[in-house]
Amino acid sequence: MILILTPAATDEQKAEARRALRRDGCSLKEIEVGNREVWEVKESPGQDLSHLGTLPGVERVVASAVGFKLAARDNHPEDTIVHVGDVPVGGGRLVVIAGPCAIESREQALTIAEAVKRCGAVLFRGGAFKPRSSPYSFQGMEEEGLRILAEVREVTGLRTVSEITSPDQAELMLAYVDVLQIGARNMQNFELLKCVGRLDKPVLLKRGLSATIEEWLMSAEYILSEGNRQVILCERGIRTFEPYTRNTLDLSAIPVVKRLTHLPILIDPSHATGIREKVAPMARAAIAAGADGLEIEVHNEPEKALSDGPQSLFPEQFGQLMRDLHVIAPVVGKQLDFDYLEKARAVAQAAPSAAAASLPVALVGEAGTFSHKACTQYFGSEVAIVSARSYRQVFEAVAEGRARFGLVPLENSLTGSVHENYDLLLSFDLKIVGEILLRLEYALLGRPGTKLEQLRRVLSHPEVFRQCQEFLTAQQWELVATQDEVTAVRQLKEKGDPAAAAIASRETAAAHGLEVLQQGIEANPRNYTRFAVVGAAPWSKEPRRKSSLILQTPNRPGALHDVLGLFAQNNVNLVKLESRPIHGTPWEYLFYVDLEADAESEAFRPVLEALRERTDLLVVLGAY
Ligand code: PEP
Ligand code: MN
């Protein structure tokens, strides 16, 4: 068992904890892991020491954590990100692996791969060696199947995932496959684990049918201890007494695993349920529960599938599920990015030196701010960032070529448009080339020991104050504006003012050693900000789904009606229409318009021309 002490544990508290352990007849070894004190305790078999977790100075008791060291989060607090080609698994972007249970033919594999790619899957799965429960069932196409997988990768650009069932297959697998899957039945095949542990390939380790989480992590430890640190966990349902579903999906494994280990965790709702109609609800729940992604079986003709047809989604069902996940992801602080692969490729092209530093993105705010999070969720965590002190500086950095893209907030769901950035879009020759939506949750943070009653002033960005207005108006505090939320946190720490607090994200508290005095203080939990990515040119030539325009209509009856009529006639859906006063010309207005069409495409050109005739000013801010 392991006892983890709080960073602030006093000598007295430690002495008391030692006495308690002695009373319980345990011996202990005191070790330091990072800057943490961690006590390794030897208890008698079956002895329950969980009560020690309530002692002052003890953060928590971890049962038998001695077993997995390399997999343990306590030894590696940051999340591990496993790179599969352009696709980082773990972190802020969801990864969806989709494809058939087994490769059955070239046509089948390519058809399904194209379909799942269109829907936003970033990795393709397909078994070539199938460990079936019955020796009489289809056992997979073996090497021929792997060759087809390699062709799928060639044609679609999707990296591939396939199961390895024996160390003998290692060489073949290395040649054809990007992620080696260890199936549930082989989770404790230690020779196989050691074998993949010696390879330089990401491994997707499924949880065994009847394995405890601890046994599962111990299997991960086998792979890690051989030197391969690229391990992705996958919960796929465990065997219980419930016969209605094929297995019972243990969703509670997600928060447990997240706490115990730094490795990313995916959920396979297909094998977990065995029933097509149960797959989407479990997939949605998995994302809501914090999974890093999913592995899902999809088949174009499930009724003819040679294995696992009843649990395979039709491509249309998979598409609908992905749309739902796209909506759910920001609620839990993640993104499902439909342009993931294309963007990664564009980013790689823009950085021929392969150094991300040649493609910096300018933004206001350092690590811990929501702008920073938006940037890493949009471009990936390796992107280089140019810090700007103002939104104008962001635009200048891009216009002058010091950054290739800029990222600025454009609109908040509680406080409305950020007019400053609309004005900058009008005055600089830059376009919106992308957008990303983030849910913003704020907490009131204080230095350890601060009480709410003693507060006199609060530090944060003025926009944050606006989003927390209801909470703040109930108080009598002085509001001190800072450049961003993290600057507020830093100033709070540096000045040591006991009557001050800062407003920032909850995660900032842990990173800076502050306490959360109150969380969820934004005026409404549905608090989203839409960030725009701006650049001199779009990063893709593909048709885009959405565009933003600014227009001004002549001052005559029916002028706006004419403009709106044009959209109606051309079946263009508007998703935003807002008027705002024009600076220096009182009582005249501009309109911000967002529409679901690519305003820069050839197809849209006639609409744009007709629009130009009906307006005094028309600017396409970008299509994205
Ligand atoms: C599979 O992914 O097709 C498979 C056989 O999964 P599991 O090992 O989880 O049963
Ligand atoms: Mn299967």
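Quick caveat, the model's predicted, so the values are computed rather than measured.

Q: Just to check I follow, could you spell out the state of the cysteines for this structure?
A: Cysteine pairs can be linked by a disulfide, which is a covalent bond between their two sulfur atoms. Within this structure, the stated rule accounts for zero disulfides. Looking at cysteine 119, it has no disulfide partner, and the nearest cysteine sulfur is the one in cysteine 101, 19 Å off. Classification of cysteine 119 as buried rests on a relative accessible area of 17%.

Q: Explain the layout of surface pockets to me, please; I cannot follow it from the model alone.
A: A water-sized probe, rolled over the atoms, reveals where empty space remains. Put simply, the largest pocket is a space of about 1,800 Å³. As for the largest pocket, its lining consists of 49 residues, of which Asp79, Gly333, Lys373, Ser505 and Glu507 are closest to the centre. When contributions to the lining of the largest pocket are tallied by element, the ones reaching two or more residues are helix 7 (253-260), helix 10 (315-331), helix 12 (370-379), helix 18 (506-512) and strand 24 (515-519). The leading source of residues in the lining of the largest pocket is helix 18, at seven residues. What the second largest pocket holds in volume is close to 1,100 Å³. Lining the second largest pocket are 33 residues, and of these His326, Glu435, Leu437, Arg545 and Lys546 sit closest to its centre.

Q: Sorry, what's going on with the side chain of asparagine 527 here?
A: Its place among the elements puts asparagine 527 in the loop between strand 24 and strand 25 (528-535). Residue contacts for asparagine 527: discarding those within four places in its chain leaves Asn412, Ser413, Leu414, Leu438, Arg439, Leu440, Tyr442, Gln467 and Glu522.

Q: It is not clear to me how the coordination of the manganese ion (ligand 2) should be interpreted in this structure. Could you clarify?
A: Around a metal, the perfect tetrahedron of four donors has angles of 109.5 degrees, and the perfect octahedron of six donors has angles of 90 or 180 degrees. Note on the manganese ion (ligand 2): its protein donors are Cys101 (SG), His271 (NE2), Glu297 (OE) and Asp308 (OD). The metal-donor distances range over 2.0 to 2.3 Å. Taken in chain order, the donor set of the manganese ion (ligand 2) reads C-x169-H-x25-E-x10-D. With cysteine 101 in the loop between strand 7 (95-99) and helix 2 (106-119) and glutamate 297 in strand 14 (residues 293-297), this pair connects stretches of sequence that are 196 residues apart.

Q: Would you mind showing me how to read the site of ligand 1 here?
A: In the vicinity of ligand 1, the residues found are Cys101, Arg125, Lys130, Glu163, Gln181, Gly183, Ala184, Arg185, Lys206, Arg236, His271 and Glu297. Side-chain polar atom of glutamine 181 to an oxygen atom of ligand 1: 2.9 Å apart, as the coordinates give it. Histidine 271 is positioned such that a nitrogen or oxygen atom in its side chain is 3.2 Å from an oxygen atom of ligand 1. Alone, ligand 1 offers 300 Å² of accessible surface; in the complex the protein occludes 97% of this. Looking at the shell around ligand 1 residue by residue, the classes come out as two nonpolar, three polar and seven charged.

Q: How should I be thinking about empty space enclosed by the protein in this particular structure?
A: What the rule picks out here adds up to one cavity of 30 Å³ or more. By volume, the largest cavity is sized at about 30 Å³. Taken together, Arg125, Gly126, Gly127, Lys130, Val161, Ser162, Glu163 and Gln181 form the lining of the largest cavity. Examining the composition of the lining of the largest cavity, we find that three residues originate from one element, strand 9 (residues 159-163), more than from any other.

Parameters at a glance
- Residues numbered from 1 in each chain as written.
- Chains lettered and ligands numbered in written order.
- Predicted model: local features only at pLDDT ≥ 70, side-chain atom pairs only at ≥ 80, totals over all residues.
- Heavy atoms only, no water.
- Disulfide = S-S within 2.5 Å.
- Buried < 20%, exposed > 50% of the residue type's maximum accessible area, 1.4 Å probe, protein only.
- 1 Å grid on protein atoms, 1.4 Å probe; cavity = no way out; pocket = protein on both sides within 12 Å on 5 of 7 lines; lining within 4 Å.
- Points joined across faces, edges and corners; volume = space filled by probe spheres on them.
- Helix = DSSP H or I, 4+ residues; strand = E, 2+ residues; numbered from the N terminus.
- Contact = heavy atoms within 4.5 Å.
- Donors = N, O, S within 2.8 Å, 3.2 Å for Na, K, Ca; no water.
- Near = heavy atom within 4 Å.
- Polar contact = N/O pair within 3.5 Å; in protein donor to acceptor, adjacent residues only side chain to side chain.
- Areas by Shrake-Rupley, 256 points an atom, 1.4 Å probe, with all protein chains shown as cover.
- Nonpolar A, V, L, I, M, F, W, Y, C, P; charged D, E, K, R; others polar.

It is worth stressing that arrangement in space is one thing and function is another; only the former is reported here.
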